[in-house]
Amino acid sequence: MLIKHGIGVSPGIAIGPAFVLGVEDFRVPQNYVSVAAAESEISRLHAAINKVTEEISANECLAEQHLGKQYAAIFAAHLQFLRDPKLIAEIETRIREQHQSPEFASTQVLRRYAKELQNLGNQYLAERAADIFDLERSLLRHLLGEQREELSHVTAPVVVLAHNLTPSETANLNREYVQAFVTEVGGSTSHTAILAGALEIPAIVGVGDFLTDVSGGELIIVDGEEGRVIVGPDDDTLNLYREKQASARTKVQHLQSRVEGAAETRDGTRIFVYGNIEFPEEAEHCRIRGADGIGLYRTEFLYMGSGKERTEEDHYQAYLNVIRSFPDRPVVIRTLDLGADKIPGVMRHVFRDISNPELGLRSIRVCLEYLTLFKTQLRAALRAGVEGDVRIMFPLISSLSEFRQAKMVVRDVWEDLDEQGIPFRRDMPVGMMVEVPSAALMAEEFAREADFFSIGTNDLIQYTLAADRSDPSVSKYYNPADPAILMLLRRVFAAGEQAGIPVTICGQMSSDPKFVPLLIGMGLRQFSVTPQAIPVVKEMIRNMSLADAQEVAQKVTQFELARDIESYLRGELRRFLPEDHFPQG
Ligand code: PEP
Ligand code: MG
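Residues numbered from 1 in each chain as written. Chains lettered and ligands numbered in written order. Predicted model: local features only at pLDDT ≥ 70, side-chain atom pairs only at ≥ 80, totals over all residues. Heavy atoms only, no water.

**What to know about the sheet that holds strand E6 (residues 203-205)**
Step number 1: Spatially, E1-E8-E7-E3-E4-E5-E6-E2 is the arrangement adopted by the eight strands of the open sheet, whose pairing is mixed. Looking at the sheet topology across the chains shown, the edges are occupied by strand E1 (2-5) and strand E2 (7-10). Taken over all neighbouring pairs, the strand axes of this sheet differ in orientation by 30° on average, direction set aside.
Step number 2: Relative to strand E8 (residues 228-231), E1 is paired through four bridges, and the arrangement is antiparallel. Bridge pairing links Lys-4 to Val-229 in E8.
Step number 3: Running over the sheet, helix H7 (residues 191-199) touches E2, strand E5 (178-183) and E6 and is turned about 45° from E2. (Pairing = 2+ DSSP bridges. Helix = DSSP H or I, 4+ residues; strand = E, 2+ residues; numbered from the N terminus. Axes fitted to C-alpha atoms, helices over the stretch in contact; angles between N-to-C directions. Contact = heavy atoms within 4.5 Å.)

What follows is the structure in structure tokens.
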């Protein structure tokens, strides 16, 4: 049994067979075979080894003819390894004595060798591990033949394990069968992590190197709340997690039974709880969970995984889908936030040669550079405004002139629609995200021109603390509780209040229960959170008075270190959340 820890980014417990992406590309459907089948399975193993041997010999000849003897030697070494009687005997023993399938036995043995090479401390030998993985793939390909199952075609539940998943790969995971995912890299607020919430599956990122320790088909437990991955659990562990899984379900059901109605503090302060979505169908999940509307629709996900350009009609239909769940509640359409880690195939050329994508051509900057793209979306949003309470929000605004320029484009689109006699909503509120430190610092000036603010803490933290939100190696520098972040939030809340415009937080910080009392105490009245967090955030609000929240905010001003603020807030959680709903992460 192997236990690894990472950053839990989507709660819940999943138990299922591993699908090791990238190294394997296909799943081993069966780990064990019957005792009676052992000899025929061993014959199958030998047949596959012979096939791979033939392939390698053919490659050896080809290399010798075209490249010379020294290159052919690479293949000769592969052949020698694969024909090694000790290796073959080891695999056979597992099939005969432990009743493992040839697929499972081969990957277990080959991976152990690869691991040993990696651990010898010699760079050259460590690189040879890649050759063994290659052999494993070839052997599996022949063993599985037609049975080979690729991730896009899985027909049974799996837990996906990968080095990394891009947002578009994550967006395309088959929701019916992918029960959870775990990645070696990734940070707590990366878009891949956010998408796990959208898919509503447990997920862990930033686990570090571990894929070589896992074989396809091995049983995996993913505890998304505690950020724990268990490979090959023993029976006691398995039973423990089955119980945990059942109790987590009860906890969710209990909170769900209380979502109806407005969220008010004990003394009657109304707090709005909106949902963040990436796909239109999630709007309904938010409604069921008692959301007051949609506070952030990340519209760029319409492009993820799609090989084609999106038309005005595509956007319009997506917006109508969202409005259908909230016909008379706010729906905030954030204009395209493309770039950085969100690069659709059709626009790859736009983002070529950007040396630092998070600081490069991204988000509103792309829209202002590619006006047709921007106008197409704005037309759809303005038209959808006729059907519901739609609001437009620009991401990554960093200067007043940029905000004014974006608003000018909205006016241009009005004129076009007017000329064409197409109905649209002229008085649609236009707001902005505050997610660049310059915007937070200039909040007072912006508040005179924006209809609302929504603070994107995910980016605000990375830009203020210079810590990449997707990089686990700097995760200790990325902290929402940092006093510098709280200082900026206070500034934005004050500017909003003074100008009389609403301020929301739509970054992940507001989905984290421990920050709820602090943020309310600091003046926040609108939360926009991941769908799964809506019930727990509402529950907390109802369990506190405004005075309680203000006391927490006051206390926090006495601390100088993020670490102290965080541990104080974690302690305070108990006051506002019943013990059995307490997050363990
Ligand atoms: C944010 O930056 O906090 C935000 C909500 O936007 P995104 O996570 O999509 O960058
Ligand atoms: Mg952002």
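**Observations concerning the pattern of salt bridges**
Step number 1: Inspection of the entire model under this criterion finds 44 salt bridges.
Step number 2: Between Lys-69 and Glu-64 there is a salt bridge; the shortest N-O distance is 2.8 Å.
Step number 3: Its relative accessible area of 60% is what places Lys-69 among the exposed residues.
Step number 4: Between Arg-270 and Asp-292 there is a salt bridge whose closest N-O contact spans 3.0 Å. Here Arg-270, found in strand E10 (residues 270-277), pairs with Asp-292, found in the loop between helix H9 (282-288) and strand E11 (294-298); they are 22 residues apart in sequence, far enough to count as distant.
Step number 5: When its relative accessible area of 6% is taken as the criterion, Asp-292 is described as buried.
Step number 6: What emerges from the salt-bridge pattern is a single network uniting Glu-300, Arg-334, Asp-337, Lys-342, Glu-358, Arg-362, Asp-459 and Arg-469. (Salt bridge = Lys/Arg side-chain N within 4 Å of Asp/Glu carboxyl O. Buried < 20%, exposed > 50% of the residue type's maximum accessible area, 1.4 Å probe, protein only.)

**Points about the site of ligand 1**
Step number 1: Arg-298, Glu-435, Gly-456, Asn-458 and Arg-469 are the nearest of the 17 residues found near ligand 1.
Step number 2: Taking Arg-334, its side chain carries an N or O atom lying 2.9 Å from an oxygen atom of ligand 1.
Step number 3: Take Asp-459: an N or O atom from its side chain is 3.0 Å from an oxygen atom of ligand 1.
Step number 4: Coverage of ligand 1 by the protein amounts to 100% of the 290 Å² it exposes when considered alone.
Step number 5: Those elements giving two or more residues to the shell around ligand 1 turn out to be H7, E11 and helix H16 (457-465).
Step number 6: No other element matches H16, which puts three residues into the shell around ligand 1.
Step number 7: Partitioned by chemical class, the residues of the shell around ligand 1 number four nonpolar, five polar and eight charged. (Near = heavy atom within 4 Å. Polar contact = N/O pair within 3.5 Å; in protein donor to acceptor, adjacent residues only side chain to side chain. Areas by Shrake-Rupley, 256 points an atom, 1.4 Å probe, with all protein chains shown as cover. Nonpolar A, V, L, I, M, F, W, Y, C, P; charged D, E, K, R; others polar.)

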